[in-house]
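Descriptive structure summary
Okay, here's what each chain looks like letter by letter:
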Amino acid sequence: MTDAQPGRPTENAMRRALKRARDGVALDTAEAAVLLQARGEQLRDLSASAARVRDAGLEAAGRPGVITYSKKVFIPLTRLCRDRCHYCTFVTVPGKLRREGHGMYLSPDEVVEVARQGAALGCKEALFTLGDRPEDRWPEAREWLDAHGYDDTLAYVRAMAIRVLEETGLLPHLNPGVMSWTDLQRLKPVAPSLGMMLETTATRLWSEPGGPHHGSPDKEPAVRLRVLEDAGRSNVPFTTGVLIGIGESYEERADALFQLRRIQRQYQSIQEVIVQNFRAKPDTAMRAMPDAELEELAACIAVARHILGPAARIQAPPNLVDAEYALIVGAGIDDWGGVSPLTPDHVNPERPWPHIDQLAERTRDSGFELRERLTVYPEFIARGEPWLDPRLLPHVRALADPETGLAREDALPEGLPWQEPDEGFTATGRTDLHRTIDTEGRTGDRRADFDAVYGDWEALREQAAPGMVPQRIDSDVREALAQAADDPTRLSDDQALALLHADGPALDALCSIADDLRRATVGDEVTYIVTRNINFTNVCYTGCRFCAFAQRRTDADAYTLSLDQVADRAAQAWEVGATEVCMQGGIHPDLPGTAYFDIARAVKERVPGMHVHAFSPMEVVNGASRTGLSIRDWLTAAKEAGLDSIPGTAAEILDDEVRWVLTKGKLPAADWIEVVRTAHELGLRSSSTMMYGHVDQPRHWLGHFRTLAAIQQETGGFTEFVTLPFIHTNAPVYLAGIARPGPTTRDNRAVTAMARVLLHPHITNIQTSWVKLGAEGAAEMLRSGANDLGGTLMEETISRMAGSRYGSYRSIEDLRAIATLAGRPARPRTTLYGEVPAERVAAAEASDGHLPELLPLAD
């Protein structure tokens, strides 16, 4: 055995790694780093095994022997950027653009003209490439956007994508750099696919002076990984990749590939991985850096194939391979990426695209047929919802071969309207579910797509494990109890955690302290509201893993109400004394962002005096992203349409460590906070909630309480805090064996008591849920610090679909009886905890106990 050369693996290490690759054994990071250094005969061995993996994947995909490409135009929307990458020639500065006679951005007419010329040549993809958020660095960019009526660069991207769809029929692929979760919601409806290169996970290349990404805020690896994860959570077909040869080590290069595998395993959202070799360019800080050699590129492609597996689509840009097509095909690619007959590669302008006929010939020389695909890969077209927005389906179907999902090569794109689906509010499905859930139950305990819609359960189980480890508590419970009794506002986090873990006599003492605090703050009266829940649809593809309510449109229990049905239910509720309707629904892909305005307006037109308490922060973000409005503008429009307040649901636990286990695609904690703060600033008050007892721990509850208290001190907009014990029975995350079976009685008492203690004196109303706890359980919470029982509901579907045993309706007399169990009087309230008009009280009393006869509840 010979010693390894400095920086090179030993022959034994290479032999062992090559054998593992040949045998199809999973590689680890160290073995991958060894294989990345394969050259010569070793590279041929590695490539042969990678090619076999690729070929098996193409066979499984139904296109053996096919390598794909996309016929595109390149639209450099702006060459301004806030980053300072040391190898980039695409980015420029405002002065240079002016000297060359260019604007800060391409004008709308320039964008459409490029796309129109491409359509005439048979191109089907419009690749939008631009710098990251140039308005944050360049005043000239901000001035241009303001002058043209756009809030930010992404608003302009969205508008131009729509124009391209409508005026040319080309399918936009958007590469705007780093995007937030909310940005992804804004852009998904206007583009079948989006992208952003990961490039590298080597943080030092970003953090250390002199590194290629130093001074570039958008190149921090953690930020870019978060974008990939958010794209997966949002069901966005996403293109990404690695850039090799910019100073990363082989171990760091391998780590980037394993990070891509992790994300793909969890979300199945990465449609292609580009392996791109660094090419030095003049007039850049890295002009003296040697190019990544082609054998190095081939080795990385082969290792990527082994790590990512047969189902991965792996691409190498054909204009960067110096005509070594056979080497690159042999290493395991199955795609050449976008090739343009019209526009240059603006990122690598010195490297012209090969002619498509030449590319087809060289591909054929390697034993493969070159076929055209669309910007969105066939696998995602086949998946359909939720991966493609309904507004894009006509554009994609016009260009896709219905058999293969590849491009119809003879199709010439034509502009088609980008518009909301025609269906709108049409009554469909099991619209009597709110009634029959109590008599007939649900059709099955889970959706038919249980194994796919929520992501990879095994990966999720690994992700959930660290957060579920109990925390050791060293604080003195007696000391904490004394502090809570004396001045709860001065409880330290350690003391609060000790109380959240309290049990036995200590828990009894805590509940007594909370009950005394409740009495001193709001008195003895137990409040309730006469309300009706209206869940206008349960069709939803968000992928919340705790939710048993959501259905696909084709599921037996799916339904959507018409606007007339919503208004009818509100009118029925008014007739029997209600002061409020609480309206929430699934994120139905066919409902436009203005649908929420229509719902509020329909209720107000039918029942002007009804308080409309509606639309969770998730629905608010959905409405805003679909309409292209800001959160503030959307809420303003909703208020004008009749919205009076919003429910603070969709909070679950305001800790993303927990949220990303509980839900695949729901809004992050920061976005929930932004919506609630904005609503409060506009005079729309809200409730606040916490769902607990699943994959959480008391430390998460504490953080949640602290966050709510801070918001309330700032805005004063919360009307109450609602405890929501997790109902596990039909919850997917429980059926998959990840979540525990809901909170214990101890948990319920501790959460209720500590809500009173930790939210004092900011949020004074603490609500318990009879739907989730039953009469005895709710009465116990009234003795533990709660003062409110919520509503009569009249109908309740969400908890019942999850497996709650306590029905969908409680009469006023029932609610009073729960208060009596706790030894307390009861009185009605309004949504904002005001006095109920005498006329409403009389109507409710006259109808009480007779709702099944008065409201047949079936449509």
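One can find the structure itself at the top, above this paragraph.
Residues numbered from 1 in each chain as written. Predicted model: local features only at pLDDT ≥ 70, side-chain atom pairs only at ≥ 80, totals over all residues. Heavy atoms only, no water.

Some remarks on helix α7 (residues 153–167)
Spacing of three or four residues puts side chains on the same side of an α-helix, whose turn is 3.6 residues. For α7, which comprises 15 residues, the first-to-last C-alpha distance of 21 Å matches the rise-based estimate of 21 Å (1.5 Å per residue) to within 8%. Of all the 15 residues making up α7, eleven are buried; the element is thus mostly covered by neighbouring parts of the structure. Residues of α7 that are buried include every one of T153, L154, A155, Y156, V157, R158, M160, A161, I162, V164 and L165, and no others. (Helix = DSSP H or I, 4+ residues; strand = E, 2+ residues; numbered from the N terminus. Expected span 1.5 Å × (residues − 1). Buried < 20%, exposed > 50% of the residue type's maximum accessible area, 1.4 Å probe, protein only.)

Quick look at the layout of surface pockets
Of the pockets and cavities examined, the second largest pocket occupies roughly 430 Å³. Lining the second largest pocket are 22 residues, with D151, R186, G628, L629 and S630 positioned closest to its centre. Of all the elements in the fold, those that place two or more residues in the lining of the second largest pocket are α7, α8 (181–187), α25 (617–627), α26 (631–641) and α28 (669–681). Counting residues per element, the lining of the second largest pocket draws most heavily on α25, at four residues. Here the residues of the lining of the second largest pocket sort into seven nonpolar, seven polar and eight charged. (1 Å grid on protein atoms, 1.4 Å probe; cavity = no way out; pocket = protein on both sides within 12 Å on 5 of 7 lines; lining within 4 Å. Points joined across faces, edges and corners; volume = space filled by probe spheres on them. Nonpolar A, V, L, I, M, F, W, Y, C, P; charged D, E, K, R; others polar.)

Focus: empty space enclosed by the protein
On inspection of all chains with the given rule, the structure shows eight cavities of 30 Å³ or more. The wall of the second largest cavity is formed by 22 residues, among which Q185, K188, I587, N622 and R626 lie closest to the centre. For the lining of the second largest cavity, the secondary structure elements donating two or more residues are α8 and α25. Tallying contributions element by element places α25 first for the lining of the second largest cavity, with five residues. Split by residue class, the lining of the second largest cavity holds ten nonpolar, seven polar and five charged.

Considerations on the packing of aromatic side chains
Here the structure, examined in full by the defined rule, presents 15 aromatic pairs. With a centroid separation of 4.8 Å and an interplanar angle of 55 degrees, the aromatic rings of Y150 and Y156 are classed as tilted. Accessibility classification places Y150 together with Y156 in one group, the buried group. Aromatic pair Y596 and F615: ring centres 5.1 Å apart, planes at 70 degrees, arrangement edge-to-face. Of the two residues, Y596 sits in helix α24 (residues 595–606) while F615 sits in the loop between β15 (611–614) and α25, which places them 19 residues apart along the sequence. Both residues of the pair, Y596 and F615, count as buried. An aromatic cluster is defined as three or more aromatic residues linked by ring pairs; in this entry it consists of F536, Y596, F597, F615 and W634. Over the face of the ring belonging to F380 we find R383, whose NZ or CZ atom lies 4.2 Å from the ring centre. One residue, R829, lies across the ring of Y833, its end atom 4.0 Å from the ring centre. (Phe/Tyr/Trp six-rings, centres within 6.5 Å; stacked < 30°, edge-to-face > 60°. Lys NZ or Arg CZ within 6 Å of the ring centre and 35° of its normal.)

These figures come from the coordinates and say nothing about function on their own.
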